[in-house]
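Fold and geometry: a report
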Amino acid sequence: MSWVVILVLAAVTVAVLALLLVPLLRRPPAEEGRDRHSLEVYRDQLDELERDVARGVMDDREAATARQEIERRILALNPEADSPDGGKTAKGARHRAQARRAGRDRPPGYACRDPPPQEDGA
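Everything numeric here is computed off the predicted structure, so don't read it as measured data. (Residues numbered from 1 in each chain as written. Predicted model: local features only at pLDDT ≥ 70, side-chain atom pairs only at ≥ 80, totals over all residues. Heavy atoms only, no water.)

Quick word on a nonpolar patch on the surface
A surface patch of nonpolar side chains, about 890 Å² in accessible area, is lined by Val4, Val8, Val12, Val16, Leu17, Leu20, Leu21, Leu24 and Leu25. Checked against the element boundaries, Leu21 lands in helix H1 (residues 2-25). You can call Leu21 partly exposed: its relative accessible area is 43%. (Patch = residues over 30% accessible without salt bridge, like charges linked within 9 Å, V, L, I, M, F, W, Y side chains within 5 Å. Areas by Shrake-Rupley, 256 points an atom, 1.4 Å probe, with all protein chains shown as cover. Salt bridge = Lys/Arg side-chain N within 4 Å of Asp/Glu carboxyl O. Helix = DSSP H or I, 4+ residues; strand = E, 2+ residues; numbered from the N terminus. Buried < 20%, exposed > 50% of the residue type's maximum accessible area, 1.4 Å probe, protein only.)

What follows is the structure, given as structure tokens:
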């Protein structure tokens, strides 16, 4: 009799967890509209950037920096867009680059250890 109660409680627990987790794991449709709007804004910013360069308001170096930042934001919206493998390589490369910038590509405790001794070449 107690096994039946345990099985029923386990089934109810699994059902409740499924009901709670499924909606949380789905991407809300409102975000897709927000992403589309953000993409339009970034494209408008690129067009405005080109107009500013043409008018002489910005030099080429400033424009290249701003263009790179806008393109980075566009890629952050949809990293799978230009990748033939579905974004797996680009996404992994992006995560590795972020980890390098944060210093997380080193083994645990590396930053706490003393640096290796430097040998003089002479």
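After that view, the rundown keeps rolling.
Re the confidence of the model for the protein
Of the residues in the protein, 57% have a pLDDT of 70 or more, and the chain-wide mean is 75. The lowest-confidence element of the protein is helix H4 (residues 88-102), averaging 56 in pLDDT; the highest-confidence one is H1, averaging 92. The model gives residues 82-87 a pLDDT under 50, and that stretch makes 4 contacts with residues more than four places away or in other chains. (pLDDT = per-residue confidence, 0-100. Contact = heavy atoms within 4.5 Å.)

Some remarks on the environment of Asp60
Note on placement: Asp60 falls in helix H3 (residues 60-77). Taking the C-alpha atoms as reference points, Asp60 and Glu50, separated by 10 residues in sequence, lie 9.9 Å from one another.

A look at the pattern of salt bridges
Scanning the entire structure with this criterion turns up 4 salt bridges. Across the salt bridge formed by Arg55 and Asp52, the nearest N and O atoms sit 2.4 Å from each other. With Arg55 and Asp52 both in helix H2 (residues 29-55) and 3 residues apart, this pair spans about one turn of that helix. Accessibility expressed as a relative area gives 62% for Arg55, which makes it exposed. Across the salt bridge formed by Arg73 and Glu69, the nearest N and O atoms sit 3.0 Å from each other. With Arg73 and Glu69 both in helix H3 and 4 residues apart, the pair spans about one turn of that helix. Its relative accessible area of 29% is what places Glu69 among the partly exposed residues.

A few points about the environment of Ala66
With respect to the helices and strands, the residue Ala66 is situated in helix H3. Spatially, the C-alpha atom of Ala66 lies 9.4 Å from that of Gln45, the residues being 21 residues apart in sequence. Setting aside chain neighbours within four positions, we find Ala66 in contact with Leu49 and Met58.

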